[in-house]
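# A closer look at the structure
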Amino acid sequence: QLELSIISEFNLVGADAYKAKIVSSYAFFGYILGCVFWGWLGDRMGRLPCLHLSQALNTLILFATSRSPSYLVYALTRTAAGFTACHWNTACVYAAEWGGARNRSFTLVAHIVYGSVAFALFGAIAYFVRPWRDLVLVLSIVGAVIFLLMLPALRESPRWLFCHSRKEQAVRNVQFASRVNGLLVHKVDDPEEEIYIPASQQGQEMLWQLLRHPRVVIVTFKFYLTTMANVLLYYMLKFSAENISSSPYLSCWLLAASDLPSAILIHFCSGYSRRKVNFCTQLTAILFCYLCCAEEIRLTSAVFCMAFAAISFNYVYLYLAEVYPTTMRSRVTAGCIAVGEIGGMVANPLILTVEIWDVLPFLISSSIALGPAIASWWLPETKGRRLPDHFSETLQIVYPTSRAGETVPLVAPQE
């Protein structure tokens, strides 16, 4: 049976053969642009409207991708699909804001497990649905159905509502969640003194404040480099599935399934260790990437490398939520993931170096990731902290004490 593919259908051979190798870069490029837009929209309009709009647009664009009449249209729809796929970042922020200090890691793990199951199902569906047009169509339908089934249980983040002077709706959402969980809530205390930020102060919660504090800029830069290194390792192995073992379908499924144990390890690490364990998971991922150079253990090493890279990558979501305030959390997280996706764009052409030496992609990617892994050791510790809602709380995390041992003032010096 002749399998329909973009290579055969769009005649990507000879001088056009490179176009088949860079199709994933279109999605990454759209994803980078989408992170900037949806991150801003999530802070501006709320987490839930952003999720609804991006999911609806993503389903429509995937349907249009399955009907692409030419390679140009296919490239454009792939870019648009990447642009609308950024609801994953908003969903991570949304999940983190519903969890307290004790169960925040559990909400993140639950979110990651759903994503891991989706990746594993993708490999299984791709095995039975070979034509790429049918595959994209099936994936769009499955994603839309699952999202529609979850709609009745979704409510806007109370933390975001409190920070935007919508206390009554926030209280109703907390009471709804309490009923769903079988908890009887007679009264919700007025959270004004605890997390509520008056509307007059919301204008101060802008990203340009971040640039006024050098140490905050350095911490943000470390987060960005850490994410980019993890994404580079993750997607380099994902794109190398056909070169890792003799069975590309087995490689693809095992690499996708490696996300499931990583989600369990994230819950264990975040619950029983400090946040700096992220440093150890990154170094472990780099070690297994180096071990991929040995052909005899390449598949096993690749599975472990992707698992630990996924742990470190998803750990950043938890880290970012605990460092940056509610009014800019979505934008900072989206910006971090946007920079991280540059690693995914680099991973795609990096695979071509296999024609020079079969282990060269593993050596280059692991060497690039080593520097950010070491720098992550100096990230601030946030375990057990409540989520910050004002930028002054972020300053307390980044500047825990002055050189003289005195606590840094709540208000920034420029204010």
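Structure report, in brief. (Residues numbered from 1 in each chain as written. Predicted model: local features only at pLDDT ≥ 70, side-chain atom pairs only at ≥ 80, totals over all residues. Heavy atoms only, no water.)

### Concerning the overall build of the protein chain
- A count of helices and strands for the protein chain gives 20 helices and zero strands.
- Within the protein chain, buried positions represent 51% of all 415 residues.
- Partitioning the intrachain contacts of the protein chain with sequence separation of at least 6 by distance along the chain shows that 80% fall at a separation of at least 24.
- Summing over all exposed atoms, the protein chain offers an accessible surface of approximately 19,800 Å²; the carbon and sulfur share of this is 68%. (Helix = DSSP H or I, 4+ residues; strand = E, 2+ residues; numbered from the N terminus. Buried < 20%, exposed > 50% of the residue type's maximum accessible area, 1.4 Å probe, protein only. Contact = heavy atoms within 4.5 Å. Areas by Shrake-Rupley, 256 points an atom, 1.4 Å probe, with all protein chains shown as cover.)

### Thoughts on the pattern of salt bridges
- One pass over the full model with this rule turns up seven salt bridges.
- Here D43 ties to R47 by a salt bridge, and the two come within 2.7 Å at their closest N and O atoms.
- Residue classification places R47 among the buried residues on the basis of a relative accessible area of 0%.
- Between R329 and E97 there is a salt bridge; the shortest N-O distance is 2.7 Å. Here R329 is found in helix α18 (residues 326–350), whereas its partner E97 is found in helix α6 (residues 87–98), with 232 residues between them in sequence.
- Here the salt bridges do not stand alone but share partners, grouping D43, R47, E97, R329 and R331 into one network. (Salt bridge = Lys/Arg side-chain N within 4 Å of Asp/Glu carboxyl O.)

### Description of helix α10 (residues 167–180)
- The terminal C-alpha atoms of α10, which comprises 14 residues, lie 20 Å apart, in line with the 20 Å expected from a rise of 1.5 Å per residue.
- Taken residue by residue, α10 has A170, N173, F176, A177 and S178 as its buried positions.
- Residues of α10 that are buried make contact with α6 and α9 (158–163). (Expected span 1.5 Å × (residues − 1).)

### With respect to the nonpolar core
- Among the nonpolar cores identified, the biggest contains 45 residues, and C35, L233, M236, L237 and F362 are the most heavily contacted of them.
- Taken together, the elements giving at least two residues each to this core come down to α3 (23–45), α12 (214–239), α16 (277–291), α17 (298–323), α18 and α19 (360–375).
- When residues of this core are assigned to their parent elements, the largest contribution, ten residues, is made by α17.
- With sequence-adjacent residues up to four places away left out, F362 is seen in contact with M236, L237, C289, C292, C293 and R298.
- With 18 residues, the next largest nonpolar core counts V216, F223, L320 and L379 among its residues. (Core = buried A, V, L, I, M, F, W, Y, C linked by side-chain atoms within 4.5 Å.)

### Digging into the packing of α12 against α17
- The contact between α12 and α17 brings their axes to 9 Å, and the two run at 150°. On the basis of their axis angle, the class for α12 and α17 is roughly antiparallel. Remark: the crossing between α12 and α17 carries left-handed chirality. Facing α12, whose interface residues are F223, T226, T227, N230, V231, L233, Y234, L237 and K238, α17 presents A302, C305, M306, A309, A310, S312, F313, V316, Y319, L320 and V323.
- When its residues are assigned to classes, the contact of α12 with α17 shows 15 nonpolar, four polar and one charged. (Axes fitted to C-alpha atoms, helices over the stretch in contact; angles between N-to-C directions. Parallel < 35°, antiparallel > 145°, perpendicular 65-115°, else oblique. Left-handed = near helix turned anticlockwise from the far one by under 90°. Nonpolar A, V, L, I, M, F, W, Y, C, P; charged D, E, K, R; others polar.)

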